[in-house]
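As a plain string of letters, each chain reads:
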Amino acid sequence: MDTNIWRPILYLIGFMAFAGINAAYLGWCERKGAGRIQRRTGPMEVGFQGLLQPLADGLKLMSKQLLVPDGVDSILFRVAPILAMIPALTSMAVIPFAGNVQARAVELSVLLIFALASIGMMAVLLGGWASGNKYSLISAARSVSQNLAYEIPMLVTVITIVMLTGSMNLEEIAAAQQGGFWNWNIFPVASHSLAQAIIMPVSFIIFFICSVAETNRAPFDMAEAESELIAGHMTEYGSMGFGLFMMGEYLNMVVGACLITILFLGGWDGPLGLSGGIWWFLVKIYLLLFTVIWVRWTYPRTQIYKLLNLSWKILIPFSLVNLLLTAAFIKVF
Amino acid sequence: MSEYISDVIGGSKSLLVGLSITAREFFKPVVTEQYPWVVPEMTERFRGHIELIRDEKTGKPKCIVCGMCMRSCPSGCISLAGKKPEGEKKKALTKYHLDFTTCSLCGTCIESCNFGAIQFSNEYNLASTRKEDYIFDLLKRLEEQG
């Protein structure tokens, strides 16, 4: 392992800048995308095509007072927004953007990322609980039950990938998929048996749905359902407290997209045998992020019961069957 | 079991239909206008406040100062005056004020006018914090339109 201290520090600064720019400009992309889908233009006034809008929003949020209402748990209330950001930022450290572009090569990076994703849930739970507001508490309870339900199919699907690759290291998983899209885990015709090519697209869809649900994005945004819970766990937050929650949400989206890219879409590998590199990685994550935005502006929010039904009745059985079949195929062929 | 499978397949299909609809909308042209920068053309039958019509031959208002509009107005928001210039037979309009604060845009004045001298304008950009700004001098407006 690299012992030079400067490498992780420089990479972390780079990733933090990347994360900050993403968190700000995904908000802009979201509003532009929503506008286009509804045949509006989206933000237009601040800068060319509203490109300075995230900056203006950030300045506005930072110049406001961080109000701590009476009756809240003042320590947890302040900790929760930070807890929304930190896990997502930390996950960035172990994500391999390209062959050697990784802040810290951790052997069990898959495990680390999923452990951090579970901490992200704590932010919603603490934020909701500390607010001392019944809507926030309902939101916290919902979000925990939702995250528990969706973490199971997600992890079961990851186990199938780990079984195929024989490694829990993200870099090795991506490296095993190099050499054209027929080697990618989403449709592994060449590297694995044909039967896998039928199972893996289903796994991909399950993983995608779960990652949307894990990041609390519409149509699974039960935690911040505006129309019923105002904004759920964010109700009592203003200024940068709210800003950190929003940035955390977008960062989690980026981490989710990176994970999908590495686990299923060959990481930095170019399709059709083109030379790979970090640009292919970026193209893939932004296509995925666009899809997440596209999904958000297509589907209405579901009910909490239907949401849990989808996970327990459809995604978990399907992912378990996938796991069993994958295990059987690995043993047989 | 078959119900479960058809539920899953039917559900996935309807989700794809939804996605395809929004994808198509995404590439269609924008329908909204950037209002203060792009001022839309108002339709011909828009009922703005009333305005005087110019007589194309003489270049003066068609109005003959009969006062029918003033009398027909249920809110009494029209006040007009006229006098006969030296050496002419007809009266000429000297004042035509519309108090838009009480006008309900009913159009009775336009119906009552036998000479087709007033019509609804296309004016919709009206905003002010002072009441006096809504007492329009329609004769002056016509002259300014030149």
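This is a predicted model, so every value here is computed, not measured.

## So, the overall build of chain A
Counting its regular elements, chain A contains 11 helices and 0 strands. Its helices and strands in sequence order give chain A the pattern α-α-α-α-α-α-α-α-α-α-α, from N to C terminus. Over its C-alpha atoms chain A spans a radius of gyration of 20 Å, differing by no more than 12% from the 20 Å that the globule rule assigns to 333 residues. With respect to the principal axes defined by its C-alpha atoms, chain A has extents near 65 × 45 × 45 Å. Counting the 333 residues in chain A, one finds 44% classified as buried. Pairs at least 24 apart in sequence give 75% of the contacts found in chain A among residues at least 6 apart.

## Some remarks on the interface of chain A and chain B
Facing 11 residues of chain A, the contacting portion of chain B comprises 11 residues. A class-by-class count of the residues in the side of chain A that touches chain B yields 6 nonpolar, 2 polar and 3 charged.

## Notes on the domain arrangement of chain B
We note that the domain assignment places domain 1 (1-31) and domain 2 (50-145) within chain B. When each unit is reduced to the centre of its C-alpha atoms, the spacing between domain 1 of chain B and domain 2 of chain B is 57 Å.

## A word on the confidence of the model for chain B
Residues and elements named next belong to chain B. Of the residues in chain B, 99% reach a pLDDT of 70 or more, and the chain-wide mean stands at 87. The secondary structure element of chain B with the lowest average pLDDT is helix 4 (residues 138-145), at 83, and the one with the highest is helix 3 (residues 108-112), at 91. The ipTM value of the predicted complex is 0.73, and its pTM value is 0.80.

## Digging into the nonpolar core
Judged by nonpolar contacts, the single largest core of 81 residues is most densely connected at A:Phe207, A:Leu251, A:Val254, A:Ile260 and A:Leu263. Apart from the residues within four sequence positions on either side, A:Ile260 is in contact with A:Phe207, A:Phe208, A:Ser211, A:Leu265 and A:Leu288. Within the second largest apolar cluster, 17 residues are counted, among which are B:Leu52, B:Val65, B:Tyr96 and B:Cys109.

## A short note on unusual backbone geometry
We note that A:Gln49 has phi near 55 degrees; this positive angle belongs to a residue other than glycine. Of note, A:Gln49 is situated in the loop between helix 1 (6-37) and helix 2 (53-62). A positive phi angle is found at B:Leu105, which is not glycine, with a value near 55 degrees. Its location among the elements puts B:Leu105 in the loop between strand 3 (92-99) and helix 3. Residue B:Leu105 is classed as exposed on the basis of its 10 C-beta neighbours within 10 Å.

## Regarding the environment of A:Ile82
All names here are of chain A. Summarising the element assignment, Ile 82 is placed in helix 3 (residues 74-92). Ile 82 gets classed as exposed once you count the C-beta atoms within 10 Å, which come to 12. For the pair formed by Ile 82 and Arg 39, sequence separation is 43 residues and the distance between their alpha carbons is 36 Å.

## A closer look at the environment of A:Ser203
All names here are of chain A. In this fold, Ser 203 is placed in helix 7 (residues 194-214). Exposure remark for Ser 203: the 26 C-beta atoms within 10 Å place this residue in the buried category. Counting along the chain gives 27 residues from Ser 203 to Ile 230, while the straight-line C-alpha distance between them is 34 Å. Dropping the residues within four chain positions of it, Ser 203 is found in contact with Thr 157, Thr 160 and Asn 322.

## A short note on the sheet that holds strand 2 (residues 78-83) of chain B
Residue and element names in this part refer to chain B. The sheet built from 3 strands is open, its strands ordered 2-3-5 with antiparallel pairing. The open sheet has two free edges, formed respectively by strand 2 and strand 5 (135-137), since each of these has just one partner strand. Here the strands of the sheet are splayed against their neighbours by 15 degrees on average, with no regard to which way each runs. Here 3 bridges tie strand 3 to strand 5, and the two strands are oriented antiparallel to one another. Bridging across to strand 5, Asp 99 finds its partner in Ile 135. Packing of helix 4 onto the sheet brings it into contact with strand 3 and strand 5, and relative to strand 5 it is tilted by some 50 degrees.

## Observations regarding the packing of helix 4 (residues 109-130) of chain A against helix 5 (residues 134-165) of chain A
Residues and elements named next belong to chain A. Orientation of helix 4 relative to helix 5, taken along the N-to-C sense of each, is 170 degrees, at an axis distance of 8 Å. Between helix 4 and helix 5, the angle falls in the class roughly antiparallel. Seen from helix 4, the contacting residues are Val 110, Phe 114, Ser 118, Met 121, Val 124, Leu 125, Gly 128 and Trp 129; seen from helix 5, they are Ser 136, Leu 137, Ser 139, Ala 140, Ser 143, Val 144, Asn 147, Glu 151, Leu 155, Val 158 and Val 162. Its residues assigned to classes, the contact of helix 4 with helix 5 shows 12 nonpolar, 6 polar and 1 charged.

Rules behind the numbers
- Residues numbered from 1 in each chain as written.
- Chains lettered and ligands numbered in written order.
- Predicted model: local features only at pLDDT ≥ 70, side-chain atom pairs only at ≥ 80, totals over all residues.
- Helix = DSSP H or I, 4+ residues; strand = E, 2+ residues; numbered from the N terminus.
- Rg over C-alpha atoms; globule rule 2.2 N^0.38 Å.
- Buried ≥ 20, exposed ≤ 12 C-beta atoms within 10 Å, placed from the backbone.
- Contact = placed C-beta atoms within 7 Å.
- Nonpolar A, V, L, I, M, F, W, Y, C, P; charged D, E, K, R; others polar.
- Domains from an automatic or database assignment.
- pLDDT = per-residue confidence, 0-100.
- Core = buried A, V, L, I, M, F, W, Y, C linked by C-beta atoms within 7 Å.
- Pairing = 2+ DSSP bridges.
- Axes fitted to C-alpha atoms, helices over the stretch in contact; angles between N-to-C directions.
- Parallel < 35°, antiparallel > 145°, perpendicular 65-115°, else oblique.

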